Amino acid sequence: MAPGKRMAVLVGSNYFNTENELHGCINDVRAMRKLVTERFGFHPSHIQVLTDEPKSPVMPTGANIKRALNQMIDQAASGDVLFFHYSGHGTRIPSKYHHRKEEAIVPIDFNLITDLDFRQLANRVPRDATFTILSDSCHSGGLIDKEKEQIGPSSPPPTDATTRHQSHPRSDHQASSRFIPYDSILQHRASVARINHQARSKFIPYDSILQHLASVTQINSSDIGTHMTAHFGEDASPKFKLSASQPHHPGRLHPDVGILLSGCQANETSADMPGSEGGEAYGAFSNAIERVFKKHPSPLTNRQVVMMVRKLLIEQSVVQHPCLYCSDENADANFLCQT
């Protein structure tokens, strides 16, 4: 099959001048744009960028993000590679259908985009095309409804050659000391502790979102769907338009196209990290992805990417566990179909 188009939507929201302000999300998008153009062959004309920086031509509202994703999928054909990178806040909302919470991302206008939205988007992707979502947000595990968990809380990663410490005998002149001075250890721990203490989680609590929407709609209701549909109308997620008595069917499933690399498990937060020594702020997950590909020039599978990023975050003392959700076939396919 001839190689198809490569198209991307990249979204970064810093929520400027709000109590939810982050600092590294727009930097994440800039770095990701550089990575996908230089490493993965995406043409700049096939990349849509949405950020909330001043004078941005397209702000990352819920409607604008969904419009960009739908436009990308509308233009897709068999063999195309579609990519969505999101860096910003996430949240969890109570489910009307289960005794659990469900995942969503939080655009700057609080018009939540839910796991059902992403399932419906994935269902529209043509056969033999791929749709990869990389979500650097809190509670992002499971962001494609009904997608199979490959690496996550129920499926811990297997031991692999890419993460296993291998021992090779070395001659005396090659050997190096395994001693690290105590002062160096203390200095490193203090540096890590300082950076992690300054990090912010990419999470807006459900109650804060409900309170904000209630202040806008002036409706006395604890049902978030009431506020979402009243304020956003047809632009609200279909999840909020269904009543508890209606069946919750995402439609036909295409398990072969949706690929989710999440910054953390569904019950965890993702970190927005301050730049060390005057450097730029960044998302821990997005930055780890970029560092992994910088270190490994050869193609990596989706499974390898997540395992390597998990290992790197552990080394950085960042407490979040990236996950992989996709079909068995796509778990061992190369990330963004790199050849």
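You'll find the structure just up there.
Quick caveat: nothing in here was measured; it's all calculated off a predicted structure.

Criteria and thresholds
- Residues numbered from 1 in each chain as written.
- Predicted model: local features only at pLDDT ≥ 70, side-chain atom pairs only at ≥ 80, totals over all residues.
- Heavy atoms only, no water.
- Axes fitted to C-alpha atoms, helices over the stretch in contact; angles between N-to-C directions.
- Helix = DSSP H or I, 4+ residues; strand = E, 2+ residues; numbered from the N terminus.
- Parallel < 35°, antiparallel > 145°, perpendicular 65-115°, else oblique.
- Left-handed = near helix turned anticlockwise from the far one by under 90°.
- Contact = heavy atoms within 4.5 Å.
- Nonpolar A, V, L, I, M, F, W, Y, C, P; charged D, E, K, R; others polar.
- Buried < 20%, exposed > 50% of the residue type's maximum accessible area, 1.4 Å probe, protein only.
- Pairing = 2+ DSSP bridges.
- Core = buried A, V, L, I, M, F, W, Y, C linked by side-chain atoms within 4.5 Å.
- Salt bridge = Lys/Arg side-chain N within 4 Å of Asp/Glu carboxyl O.
- Expected span 1.5 Å × (residues − 1).

A. The packing of helix H1 (residues 25-38) against helix H7 (residues 284-295), seen in detail. Look at H1 against H7: their axes get within 10 Å of each other, and the N-to-C directions meet at 25°. One element, H1, and the other, H7, form an angle in the roughly parallel class. The two elements H1 and H7 cross, and the hand of that crossing is left-handed. Here Asp 28, Ala 31, Met 32 and Leu 35 of H1 lie close against H7, whose contacting residues are Ser 286, Ile 289, Glu 290 and Phe 293. Split by residue class, the contact of H1 with H7 holds 5 nonpolar, 1 polar and 2 charged.

B. Local environment of the environment of Ile 133. Inspection of the secondary structure puts Ile 133 in strand S7 (residues 130-136). Residue Ile 133 is classed as buried on the basis of its relative accessible area of 0%. Distance from Ile 133 to Ile 144, taken between C-alpha atoms, is 8.8 Å for residues 11 residues apart in sequence.

C. Structural view of the sheet that holds strand S10 (residues 258-262). Across the sheet, which stays open at both edges, the 7 strands sit in the order S2-S1-S3-S7-S10-S13-S8 with mixed pairing between neighbours. Looking along the sheet, the strands with just one partner apiece sit at the ends: strand S2 (47-51) and strand S8 (149-151). Between one strand axis and the next, the sheet turns by 15° as a mean value, whatever way the strands run. The sheet contact formed by S8 and strand S13 (residues 323-325) spans 2 bridges and is antiparallel. Residue pairing in the sheet places Glu 149 in a bridge with Tyr 325 of S13.

D. Structural detail: the nonpolar core. Membership of the largest hydrophobic core comes to 46 residues, with the highest contact counts inside it found for Leu 69, Phe 84, Leu 112, Phe 118, Phe 131 and Ile 224. Residue contributions to this core peak at 5 residues, all from helix H2 (residues 62-74). Those residues in contact with Phe 84 that sit more than four places away from it in its chain are Val 9, Val 11, Ile 65, Leu 69, Ile 105, Phe 118, Phe 131, Thr 132, Ile 133 and Leu 134.

E. Seen up close, helix H3 (residues 115-124). With 8 of 10 residues buried, H3 is to be regarded as a mostly interior element. As for H3, its buried residues are in contact with H2, strand S3 (81-87), strand S5 (101-105), strand S6 (113-114), S7 and S10.

F. Here's a closer look at the pairing of strand S1 (residues 6-12). S1 sits mainly inside the fold: 7 of its 7 residues count as buried. Burial of S1 is two-sided: the residues Arg 6, Ala 8, Leu 10 and Gly 12 facing one way and the residues Met 7, Val 9 and Val 11 facing the other way are all buried. Pairing of S1 with S3 involves 7 bridges; the strand directions are parallel. The residue of S3 that forms the bridge with Gly 12 is Ser 87. Both S1 and S2 contribute to a ladder of 5 bridges, which runs parallel. Paired with Val 11 across the bridge in S2 is Leu 50.

G. Highlighting the pattern of salt bridges. All chains considered together, the criterion is met by 15 salt bridges. The partner of Lys 239 in a salt bridge is Glu 102, with the nearest N and O atoms 2.5 Å apart. With Lys 239 in the loop between helix H6 (224-232) and S10 and Glu 102 in strand S5, the pair connects residues that are 137 residues apart, well separated along the chain. For the pair formed by Lys 239 and Glu 102, the shared burial category is buried. Connected through salt bridges with shared partners, the residues Asp 28, Asp 136 and Lys 202 form a single ionic network.

H. Broad picture of H7. The terminal C-alpha atoms of H7, which comprises 12 residues, lie 16 Å apart, in line with the 16 Å expected from a rise of 1.5 Å per residue. Across the 12 residues that make up H7, a large majority, 9, are buried. Turning to H7, its buried residues are Ala 284, Phe 285, Ser 286, Asn 287, Ala 288, Ile 289, Glu 290, Val 292 and Phe 293.

These results come straight from atomic positions and should not be treated as a statement about function.
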